[in-house]
Amino acid sequence: MISPKLLEIDRSIRDLSLEEQMWLLESLVKNLRKKTNTNNFPLKSQDIEKEMAEMANDNEIQAEIHAIDEEFAITQMDGLEKQ
């Protein structure tokens, strides 16, 4: 079961700009890479960086993120302030 804290984080991420979401995604990958033993991980860190760069520049992924932003734009009016 997903924790309420994780759901709160998910909602907060949706309020971020596309640039902020991309930064966060890159940061998460870097942190996961640090915590993961690369010998047991199916991809080498160079492969992960390459794939992340390709994803960041992929027009379909950017379009999907934009669609998600539009879908949840109404939640920006829910009275929560960005910090």
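This text goes with the structure placed above it.
In this text the structure is predicted, and so the values were computed from the model without any measurement.

Considerations on helix α3 (residues 45-57)
Working step 1: With 13 residues, α3 should reach 18 Å at 1.5 Å per residue; the first-to-last C-alpha distance of 18 Å fits that figure.
Working step 2: If you check which residues of α3 are buried, you get I48, M52 and A56. Across the axial projection of α3, the buried residues extend over an arc of 70°, all falling on one side. Pointing more than 90 degrees away from the buried face of α3 are the exposed residues Q46, K50 and N57.
Working step 3: Contact partners of the buried residues in α3: α2 (18-35) and α4 (59-71).

As for the side chain of Q21
Working step 1: The topology assignment puts Q21 in helix α2.
Working step 2: Leaving out residues up to four positions away in the same chain, Q21 has contacts with I13, R14, L16, I65 and D69.

Basis of the calculations
Counting starts from 1 at the beginning of each chain's written sequence and moves along it residue by residue. In keeping with the predicted nature of the model, local features appear solely for residues at pLDDT of at least 70, side-chain atom pairs appear and are counted solely at 80 or more, and the whole-chain, interface and lining totals rest on all residues. Side-chain numbers here rest on the full set of heavy atoms in the structure, without hydrogens or water. Helix and strand definitions follow DSSP, with helices as H or I runs of at least four residues and strands as E runs of at least two, each counted in order from the N terminus. Take the residue count of a helix, subtract one, and multiply by 1.5 Å to get its expected span. Relative accessibility under 20% of the residue-type maximum defines a buried residue, over 50% an exposed one, and the middle range a partly exposed one, all with a 1.4 Å probe and only protein chains included. Directions are taken from the helix axis to each C-beta atom, and the arc is the one they span. What makes two residues a contact is simply this: any of their non-hydrogen atoms within 4.5 Å.

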